[in-house]
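Fold and contact review
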Amino acid sequence: MRLSRYFLPVLKETPSEAQIASHRLMLRAGMIKQASAGIYSWLPMGFKVLKRIEQIVHEEQIRAGHIPMLMPTLQSADLWRESGRYDDYGEEMLRIKDRHGRDMLYGPTNEELITDIFRAHVGSYKDLPLTLYHIQWKFRDEIRPRFGVMRGREFYMKDGYNFDIDHDAAIHAYNRHMVSYLRTYERMGLKAIPMRADSGPIGGEDTHEFLVLADTGESEVFYDSAILDLTLGDRAVNYDDRAECAAIVREWTTPYARTDETHDAAIYDQIPEARRKSSRGIEVGQIFYFGTKYSEPMGAVVTNDKGERVPVHMGSHGIGVSRLVGALIEANHDENGIIWPEGVTPFHCGIVNLKQGDAEVDAACAGLYKALAEKGLEPLYDDREERAGAKFATMDLIGLPWRITVGPRGLKSGVVELTCRRTGTSEEMSPEAAVARVAEIYAPHTAPHWEPMAKSSFHTWL
Ligand code: 5CA
């Protein structure tokens, strides 16, 4: 993309309504514009990051054997009356009447709708296990929407629902989700810690929240710092193997990690003092096992292998896709702007032309652009008639991890400058070497993460 043809409405002034870095930077970098309280338009660069995150979520869900679909945003109140949640959900639910006077609502979550789909089509244990998910806009009329996309009223969420024949099979689904979530966040360059939590209006006993540590987080958390050393890395996980998934879950749930809702000071005090930590955290996901809470009242039953009719065991699992954009920025920024991790950056590499209109420099930039694109990378070429300082400030603000700077002086000796946004270090090298280096850095991120996915339409979204 050439910056002169893109739509990147960066702001010079720091918007006064933004209290935290991610909100400030998303507004300044032209990623979002508030439409009304807690509701945002996603401008092109914000939309690109949102889609990158969504892509990783899809790939990891499909890898774990979960099936994508799409349910509507508007739901009938009748289904929620069946589960008993229509009244329970309270003021957070946006209730609407259609022209016939029927009660509708903008879905804050989808347990009822998915259970209705299940009971209409599935009747036998032979069709289980089944996990369906979608990524769709939700609405919760939060009393205090704040921090930009972090606590919105309209927000984008991945929500998945498992249907299993009994408790043990459903616990395997729970474990599979925990492992796939760990991998999802790792690919985004985020450390998200699973913590024992409270289930709130979703219900159930077993639930973990995934928290990114950040001073601006809304939750208070307590943990053993040993949990920070755990990584999945490139472990090949067999998601059908119950013992293997359970072992990974044990590894992550053995060190103490809880939100304030479930915090137990007596257990916490037994952690060696140097490893005892408390801080703030941003909740970027939550998984639940709630057994037959919805299947019983709504009649989602199947015939088991003894011919008996039994309600299915269910759980639900959510990732805050739009909140993740904010959480990623909270975890990755400095005083000059955003610093995107390679896995989610909107463009892979910036190209800065220091002398627009100089035939040699223009040609070198065009050559770099073509060479990067041929490697499957998306550059953002700042080809505007602007001072070098302004171009650098924009690049720093929007946070592309790598930048290649091209000027007449360097070109005389055959070099361009490759700069790392995170460390600020620069190195001179030939244009070919710069392209090769950037391609090598991105190799783990651009390789297809799940073979059939590479051929699917998801890759053509952007
Ligand atoms: N049905 C379950 C699992 S699918 C559910 O709704 N879970 S949840 O309430 O925990 O939401 C899932 C994730 O959505 C949260 O972990 C959080 O990251 C995100 N989320 C929740 N409320 C908001 C909000 N107001 N703004 C932005 N993201 C939110």
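Residues numbered from 1 in each chain as written. Predicted model: local features only at pLDDT ≥ 70, side-chain atom pairs only at ≥ 80, totals over all residues. Heavy atoms only, no water.

Details of the packing of aromatic side chains
Cut-off, in case you're wondering: Any pair of Phe, Tyr and Trp rings, taking the six-membered ring for Trp, is counted once the centres come within 6.5 Å. Such a pair is stacked with planes under 30 degrees apart, edge-to-face with planes over 60 apart, and tilted for the rest. Note on exposure labels: buried denotes an accessible area under 20% of the residue type's maximum, exposed denotes more than 50%, and partly exposed covers the range between, all computed with a 1.4 Å probe on protein chains only. Note on criteria: charge over ring means Lys NZ or Arg CZ within 6 Å of the ring centre, with the direction from the centre no more than 35 degrees off the ring normal.
This model, assessed by the stated rule, comprises eleven aromatic pairs. Taking the centre distance of 5.7 Å and the plane angle of 80° together, the rings of tryptophan 80 and tyrosine 89 count as edge-to-face. The exposure class of tryptophan 80 is buried, given its relative accessible area of 0%. The rings of Tyr181, Tyr185 and Phe210 are connected pair by pair, giving a single aromatic cluster. One Lys or Arg, lysine 48, reaches over the ring of phenylalanine 347 and ends 4.9 Å from the middle of that ring.

Concerning the pairing of strand β22 (residues 416-420)
Put simply, side chains in a regular strand alternate between the two faces of the sheet. Using the following cut-off: For helices the rule is a DSSP run of H or I covering at least 4 residues; for strands it is a run of E covering at least 2, with both sets numbered from the N terminus onward. Here the rule is simple: two strands pair whenever DSSP picks up at least two bridges between them.
Taking burial as the measure, the five residues of β22 include four buried ones, the bulk of the element. Of the strand pairs in this sheet, β22 and strand β23 (residues 426-429) are connected by four bridges, and their pairing is antiparallel. Considered in β23, the bridge of valine 416 is made with methionine 429. Linking β22 to β23, which pair antiparallel, is a turn of five residues; within it glycine 424 sits at a positive phi near 80°.

Some words on the confidence of the model for the chain
Going by this rule: Residue-level confidence of the predictor, termed pLDDT, takes values from 0 up to 100. The criterion used for residue contact is that any of the two residues' heavy atoms lie within 4.5 Å.
Across the chain, pLDDT averages 94, with 96% of residues at or above 70. Segment residues 453-462: pLDDT under 50, and 19 contacts once partners within four positions in sequence are set aside and those in other chains are kept.

Focus on the pairing of strand β13 (residues 276-291)
Across eight bridges, the pairing between strand β10 (residues 206-213) and β13 is antiparallel. Note that in β13 the partner of threonine 207 across the bridge is phenylalanine 288. Two strands pair when backbone bridges link them, and strand β11 (residues 219-224) and β13 are joined in this way by six bridges, in the antiparallel orientation. Looking at β13, one finds that serine 219 is bridged to glycine 281. Where β13 and strand β16 (residues 313-320) come together, six bridges link them in antiparallel fashion. Residue pairing for β16: tyrosine 289 is matched across the bridge by glycine 315.

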